Amino acid sequence: MMKYVQLLMIVPAAVQGAVWNFGSCPDIRGIENFDLSKYTGVWYEYANVFEVFQIGGKCVRATYTLQGNEISVKNEAVNTWFNRYQMVQGTARPADPASPDRAELYVSFPGIASVFSGNTDGKVDPNYNVVCTDYDNYAVVYSCSEVPFFRRESLWVLTREQKPDSGLIANVYSNMTAKSLPVSALKTTDQDGCDLLPPVA
């Protein structure tokens, strides 16, 4: 039971939207001509909207490793409630196998049920859309799902540097605002006191 609670605290699987609004999801898609190999490597979470499964987490870091047409996902964090290092591994793949160059991925983690279901050809609703990135400095990840009359949105800002330049962040936020993303709901992730995180391999 404790293991399951810990996983819910740190996994940004985008299966629960943190921002609820009336109406349907906006037409915001993952970028085209997505270079999966350039996207791999280490990313730090600079900010995200409140997610129940990340309560108590800081120093959030994700490492993506290319494995064929899929990505191995390793999410790490320091849990402030228990003062301990936490890690969970999963996979990501193109949500639509017929469009692997679109930055619309389906991320899954063992033992955590998904609200999405695929059809016979392997196509599923994406739960991880890279809506903008330069691969070297930042990435913005967005997800939206619908229930009757409402939509729930998730948003993450990822950076290559654990403590990125303020000018970079200002430009990223300006870009997100122009896309009408729920920027006002973002909360900066604590990246201080991260000694429990293992060194990057």
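> I'm lost on the overall build of the protein chain in this one. Help?
Across its full length, the protein chain carries three helices and 10 strands. Out of the 201 residues belonging to the protein chain, those deemed buried represent 49%. For the protein chain, the computed accessible surface area is about 10200 Å², with 51% contributed by carbon and sulfur atoms.

> For this particular structure, what's the right way to read the pattern of salt bridges?
Two side chains of opposite charge can pair, provided their charged atoms sit close to one another. All told, the structure shown has six salt bridges when counted by the stated rule. Where Lys123 meets Asp96, a salt bridge forms, and the shortest distance between an N and an O atom there is 4.0 Å. Of this pair, Lys123 sits in the loop between strand E6 (104-108) and strand E7 (128-133) while Asp96 sits in the loop between strand E5 (84-94) and E6, and the two are 27 residues apart along the sequence. Under the relative-accessibility criterion, Asp96 is labelled partly exposed at 21%. In this structure, Arg151 and Glu153 form a salt bridge, with 3.4 Å as the shortest nitrogen-oxygen distance.

> Mind showing me how you'd approach the confidence of the model for the protein chain here?
Do not read the predicted coordinates in detail wherever pLDDT is low. With 83% of its residues at a pLDDT of 70 or more, the protein chain shows a mean pLDDT of 85. Overall, residues 1-17 carries pLDDT values under 50, and its contacts beyond four positions in sequence, including any with other chains, amount to 54 contacts. Across residues 115-120 the pLDDT falls below 50, and counting only partners more than four positions away or on other chains, this stretch makes nine contacts in the model.

> How do you make sense of unusual backbone geometry when you look at a structure like this?
A negative phi angle characterises most non-glycine residues, just as the trans form characterises most peptide bonds. Positive phi, normally seen in glycine, also occurs at Asn33, with a value near 55 degrees. Structurally, Asn33 can be placed in the loop between strand E1 (19-22) and helix H2 (36-39). Given the relative accessible area of 67%, Asn33 is considered exposed.

> Just checking my understanding: could you explain the packing of aromatic side chains for this structure?
The description of an aromatic ring pair rests on the distance of the ring centres and on the angle between the ring planes. Across all of its chains, the model carries six aromatic pairs by this definition. Summarising the aromatic geometry, the rings of Phe34 and Tyr135 are spaced 6.2 Å apart at their centres and angled 25 degrees between planes, so their arrangement reads as stacked. Of this pair, Phe34 sits in the loop between E1 and H2 while Tyr135 sits in the loop between E7 and strand E8 (138-147), placing them 101 residues apart in sequence. Accessibility expressed as a relative area gives 5% for Phe34, which makes it buried. Between Tyr39 and Trp43, the ring centres sit 5.3 Å apart and the planes meet at 35 degrees, which makes this aromatic pair tilted.

> Sorry if this is basic, but what is going on with the environment of Thr65 here?
By secondary structure assignment, the location of Thr65 is in strand E3 (residues 57-67). Taking C-alpha positions, Thr65 is 8.9 Å from Val42, a pair spaced 23 residues apart along the chain. Not counting residues within four places of it along the chain, the set of residues in contact with Thr65 comprises Thr40, Glu70, Ile71 and Ser72.

> Please explain the pairing of strand E9 (residues 150-159) as it appears in this structure.
If a strand is regular, its side chains alternate between the two faces of the sheet. Within E9, nine of the 10 residues are buried, leaving the element largely enclosed by the surrounding structure. Direction of pairing for strand E2 (residues 41-49) relative to E9: antiparallel, over a ladder of four bridges. Across the sheet, Ala47 pairs through a bridge with Val157, a residue of E9. Hairpin connection of E8 to E9: two residues between the antiparallel strands, including Phe149 at a positive phi of 75 degrees.

> It is not clear to me how helix H3 (residues 166-178) should be interpreted in this structure. Could you clarify?
Taking 1.5 Å of rise per residue, the 13 residues of H3 would be expected to cover 18 Å, and the 18 Å separating its terminal C-alpha atoms lies within 8% of that figure. Summarising the contacts, the buried residues of H3 are in contact with E2, E8, E9 and strand E10 (186-188). Looking at where H3 begins, the residue whose side-chain oxygen comes 2.8 Å from the main-chain nitrogen of Gly167 is Asp165. Phi turns positive, to about 60 degrees, at Ser180, one or two residues after H3.

The rules behind each value
- Residues numbered from 1 in each chain as written.
- Predicted model: local features only at pLDDT ≥ 70, side-chain atom pairs only at ≥ 80, totals over all residues.
- Heavy atoms only, no water.
- Helix = DSSP H or I, 4+ residues; strand = E, 2+ residues; numbered from the N terminus.
- Buried < 20%, exposed > 50% of the residue type's maximum accessible area, 1.4 Å probe, protein only.
- Areas by Shrake-Rupley, 256 points an atom, 1.4 Å probe, with all protein chains shown as cover.
- Salt bridge = Lys/Arg side-chain N within 4 Å of Asp/Glu carboxyl O.
- pLDDT = per-residue confidence, 0-100.
- Contact = heavy atoms within 4.5 Å.
- Phe/Tyr/Trp six-rings, centres within 6.5 Å; stacked < 30°, edge-to-face > 60°.
- Pairing = 2+ DSSP bridges.
- Expected span 1.5 Å × (residues − 1).
- Polar contact = N/O pair within 3.5 Å; in protein donor to acceptor, adjacent residues only side chain to side chain.

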